[in-house]
Amino acid sequence: MTLMTDVVESRLDAIYNTGTFVQIHEMQDLGDKLRMIVMGHQRICIIKQMEVEPDEPATAASEPASDTEPGSQP
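Residues numbered from 1 in each chain as written. Predicted model: local features only at pLDDT ≥ 70, side-chain atom pairs only at ≥ 80, totals over all residues. Heavy atoms only, no water.

## Observations concerning the overall build of the protein chain
Next up, step 1: What the protein chain contains, in helices and strands, is one helix and two strands.
Next up, step 2: When the helices and strands of the protein chain are read in sequence order from the N terminus, they spell out β-β-α.
Next up, step 3: Expressed as a percentage of its 74 residues, the buried residues of the protein chain come to 0%.
Next up, step 4: A sequence separation of at least 24 residues applies to 31% of the contacts in the protein chain between residues at least 6 apart.
Next up, step 5: Working note: accessible area of the protein chain is about 7,900 Å², and carbon and sulfur atoms make up 55% of it. (Helix = DSSP H or I, 4+ residues; strand = E, 2+ residues; numbered from the N terminus. Buried < 20%, exposed > 50% of the residue type's maximum accessible area, 1.4 Å probe, protein only. Contact = heavy atoms within 4.5 Å. Areas by Shrake-Rupley, 256 points an atom, 1.4 Å probe, with all protein chains shown as cover.)

## Section: the pairing of strand β1 (residues 18–29)
Next up, step 1: Where β1 and strand β2 (residues 34–45) come together, 11 bridges link them in antiparallel fashion. The partner of Met-27 across the bridge, within β2, is Met-36.
Next up, step 2: Where β1 folds back on β2, the antiparallel hairpin that results is connected by four residues, among which Gly-31 adopts a positive phi of roughly 90°. (Pairing = 2+ DSSP bridges.)

Now the structure itself:
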């Protein structure tokens, strides 16, 4: 029996470095588990971990834009 957790591993040494890139064709929520029908497209190999910045809060995106371009004098 496989142990399932809600933890997403962020260390590369904690996951397999070779896998399969798949397309999800169907997904069913069965309450305590998911059933997915997938189609494998190609084998992949992780070579490095990318650092991703979190999305900015919505308040920063709603600020009005300046009329001047960055680096120019008003």
